[in-house]
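Chains, contacts and geometry: an overview
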Amino acid sequence: MRNRYLDLLRAAAIARVVVYHLFGWPWLALLLPAMGIMFALAGSLTAASLDRRSAARVVGSRLRRLLPPLWLLGLIVVPAMIYAGWAGQEGGDRPWSWKLALWVLPLGDPPGSSEGIDAWEPLWYIRAYLWFVLLSPLLYLAYKKVSWAAVAAPIVLIAVLDKTGFSLPFGRADAAMWDFATYGACWIAGFAHHDGRLHRIRPGLVAAAAAVLGVAALYWLHGHAGEDGYDLNDVPEAQALWSLAFVLVALRWRPDMTWLSYAGPLDRTVNLLNARAVTIYLWHNIAIAAIWPVLTLVAMDDLGSLEGPVSLGATVALTAVAVLAFGWVEDLAARRRPRLWPASASPVPADHSSAPAGAHAAPDDRPPAHRPAPVQPPVQARREAPAEEPAVSWFGSGPDRE
């Protein structure tokens, strides 16, 4: 059975990334550190898979679900960038080099033209996620050996990098190292969520640890403000600490989520965002870049006070078009029946309101012959239930590297 709380967290993070990239409000990164949440959720799901299957099968399954949506994006935007004059641009990567293969297997950031930056810059997340997946068998083994020390290791690494100024000779490799240091603690904290170690810690102790990490993050952020002011996405040290603090609290909490099944529109939205996480991530930046050309075309480029709401509505509409046009690839990659709009409502839980408190959880002492057969959901409902997990943990990017 799906964990609806994790689904809600993932959906909120996806929505937050889109809004952040549209408006650029720095406080959103403090309110909801979306990237840390998504890496933590992915770490938890990956650990669950590693407990059930071999490392080779887990890695292969993740790659199969992750790469086809990227390939489809590349088949569209790479020819478009070449047609628009990528080969003649000054500076940056050239199209006709080995780096073009990174659109097939993004061990490094796939290249692109300066005009196509909205299409390729967010792909740092795909690259980071890929490396976390490839390293997860070793990371999970280390976590089982040293427990919470494995969670702390990326924080120690980022402190060492900051103090020594060490960097790798190649820009793409150096970026991958910093992304691991920034979000590695969140990914491994996902392991602790999966095996229950996080839940065995008293809530007060988790809150205290999160408070210490959060204060340290704000202290560092105050002394190292980036170009856009106090934005976590400009300060990886603060991002690492704040994201881990938020993840520890968010994943330690176990709220009752039965209410979500009764909130029809919200429930369907959560299902859609989870089922199309990769598509939304890959295409929402392009949708944002297309807003003003589209509004200019329809003579709606002078909006005054309505600019914000109209921009948000246009972003949602254009991203929805991308979901309809390209989202089916996620279904094929996951070996599911392709669907245009996978937003079906979740089954409503059985009503226990008339039963005495705890009655529905009590053991049934009747002989097996007298027990009612377990109620199964209809075949169609089971077929259309959301997949066990999304193709990636989702989130963000953009010019500010979220």
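Everything below is about the structure shown above.
Everything quoted here is computed from the prediction, not taken from an experiment. (Residues numbered from 1 in each chain as written. Predicted model: local features only at pLDDT ≥ 70, side-chain atom pairs only at ≥ 80, totals over all residues. Heavy atoms only, no water.)

**A look at the overall build of the protein**
The line we're drawing: By definition, any uninterrupted DSSP run of H or I lasting at least four residues is a helix, any uninterrupted run of E lasting at least two residues is a strand, and each is numbered from the N terminus. Here a residue-residue contact requires only that any non-hydrogen atoms of the pair lie within 4.5 Å. Computed with the Shrake-Rupley method and a 1.4 Å probe, the accessible areas treat only the protein chains shown as cover for residues.
Each helix and strand counted, the protein has 15 helices and zero strands in total. Within the protein, counting contacts between residues at least 6 apart in sequence, those at least 24 apart form 76% of the total. Carbon and sulfur atoms provide 67% of the accessible area of the protein, an area that totals close to 19,600 Å².

**So, the nonpolar core**
Rule in force here: Only buried residues count toward a nonpolar core. Its members are Ala, Val, Leu, Ile, Met, Phe, Trp, Tyr and Cys residues joined through side-chain atoms within 4.5 Å. Residue burial is assigned from relative accessible area. The probe radius is 1.4 Å, only protein chains are included, and a residue is buried under 20% of its type maximum, exposed over 50%, and partly exposed in between.
Ranked by size, the top nonpolar core spans 85 residues in total, and within it Phe 39, Tyr 125 and Trp 187 carry the most contacts. Those residues within four positions of Trp 187 in sequence are excluded, and the remaining contacts are Phe 39, Ala 40, Ala 42, Gly 43, Thr 46, Tyr 129, Phe 132, Val 133, Ser 136 and Leu 139. Ranked by size, the runner-up nonpolar core spans 10 residues in total, among them Ile 14, Val 270, Leu 272 and Ala 343.

**Regarding the packing of helix H1 (residues 4-23) against helix H12 (residues 277-297)**
The following threshold applies: All axes are obtained by fitting lines to C-alpha atoms, using only the stretch in contact for helices, and the reported angles, taken between N-to-C directions, cover 0 to 180 degrees. If an angle is under 35 degrees, it is roughly parallel; if it is over 145, roughly antiparallel; if it lies from 65 to 115, roughly perpendicular; otherwise it is oblique. Crossing handedness is read from the near helix: turned anticlockwise from the far helix by less than a right angle, it gives a left-handed crossing, and turned clockwise, a right-handed one. Think of it as three bins: nonpolar holds Ala, Val, Leu, Ile, Met, Phe, Trp, Tyr, Cys and Pro, charged holds Asp, Glu, Lys and Arg, and polar takes everything else, Gly as well.
The geometry of H1 relative to H12 is characterised by a closest axis approach of 10 Å and an angle of 20° between their N-to-C directions. One element, H1, and the other, H12, form an angle in the roughly parallel class. Seen along the crossing, H1 lies across H12 with a hand that is right-handed. Across the interface between the two elements, Ile 14, Val 17, Val 18, His 21 and Leu 22 from H1 touch Ala 277, Ile 280, His 284, Asn 285, Ile 288 and Ile 291 from H12. Looking at side-chain class alone, the contact of H1 with H12 contains eight nonpolar, three polar and no charged residues.

**Structural notes on the environment of Ile 158**
With respect to the helices and strands, Ile 158 occurs in helix H7 (residues 148-164). C-alpha separation for the pair Ile 158 and Ala 240, spaced 82 residues apart in sequence, amounts to 8.4 Å.

**Some points on unusual backbone geometry**
The phi dihedral of Ser 147 is positive, around 60°, even though this residue is not glycine. On the basis of relative accessible area, Ser 147 is assigned to the buried category, the value being 17%. We note that Arg 335 has phi near 60°; this positive angle belongs to a residue other than glycine. Position of Arg 335 relative to the elements: it lies in the loop between helix H14 (328-333) and helix H15 (379-383). Residue classification places Arg 335 among the exposed positions, given a relative accessible area of 68%.

**Quick notes on a nonpolar patch on the surface**
Applied cut-off: In this analysis, a patch consists of residues with relative accessible area above 30% that form no salt bridge, clustered at 9 Å for like charges and at 5 Å for the nonpolar side chains Val, Leu, Ile, Met, Phe, Trp and Tyr. The salt bridge definition used is simple: a Lys or Arg side-chain nitrogen within 4 Å of an Asp or Glu carboxyl oxygen.
Residues Trp 71, Val 104, Leu 105, Leu 107, Trp 131, Leu 134, Leu 135 and Leu 138 make up a contiguous nonpolar surface patch of about 670 Å² in total accessible area. In terms of residue count, the dominant contributor to the nonpolar patch is helix H6 (residues 124-146) (four residues). With respect to the element layout, Trp 131 can be found in helix H6.

**Some details on the packing of aromatic side chains**
Applicable threshold: Within 6.5 Å between ring centres, the rings of Phe, Tyr and Trp (the latter by its six-membered ring) count as paired, and their orientation is classed by plane angle as stacked under 30 degrees, edge-to-face over 60, tilted in between.
All told, the structure shown has 18 aromatic pairs when counted by the stated rule. Considering the side-chain rings of Trp 124 and Tyr 125, the 6.2 Å spacing of their centres and the 85° angle between planes classify their relative orientation as edge-to-face. On the basis of relative accessible area, Trp 124 is assigned to the buried category, the value being 0%. Residue Tyr 125 is classed as buried on the basis of its relative accessible area, which comes to 0%.

**Quick word on the side chain of Glu 237**
To be explicit about the condition: His is not counted here, nor are the chain ends, while Lys and Arg score as positive and Asp and Glu score as negative. Any pair of N or O atoms that falls within 3.5 Å is considered a polar contact. Within protein, one atom must be able to donate a hydrogen and the other to accept it, and sequence-neighbouring residues count only if both atoms are side-chain atoms.
Counting through the fold element by element, Glu 237 comes out in helix H10 (residues 236-252). Comment: no salt bridge for buried Glu 237; closest opposite-charge side chain is Lys 163, at 9.2 Å. Within polar-contact distance, the side chain of Glu 237 engages the side chain of Trp 220 at 3.4 Å. Sequence-distant contacts of Glu 237, defined by excluding residues within four places in its chain, comprise Ile 158, Asp 162, Trp 178 and Trp 220.

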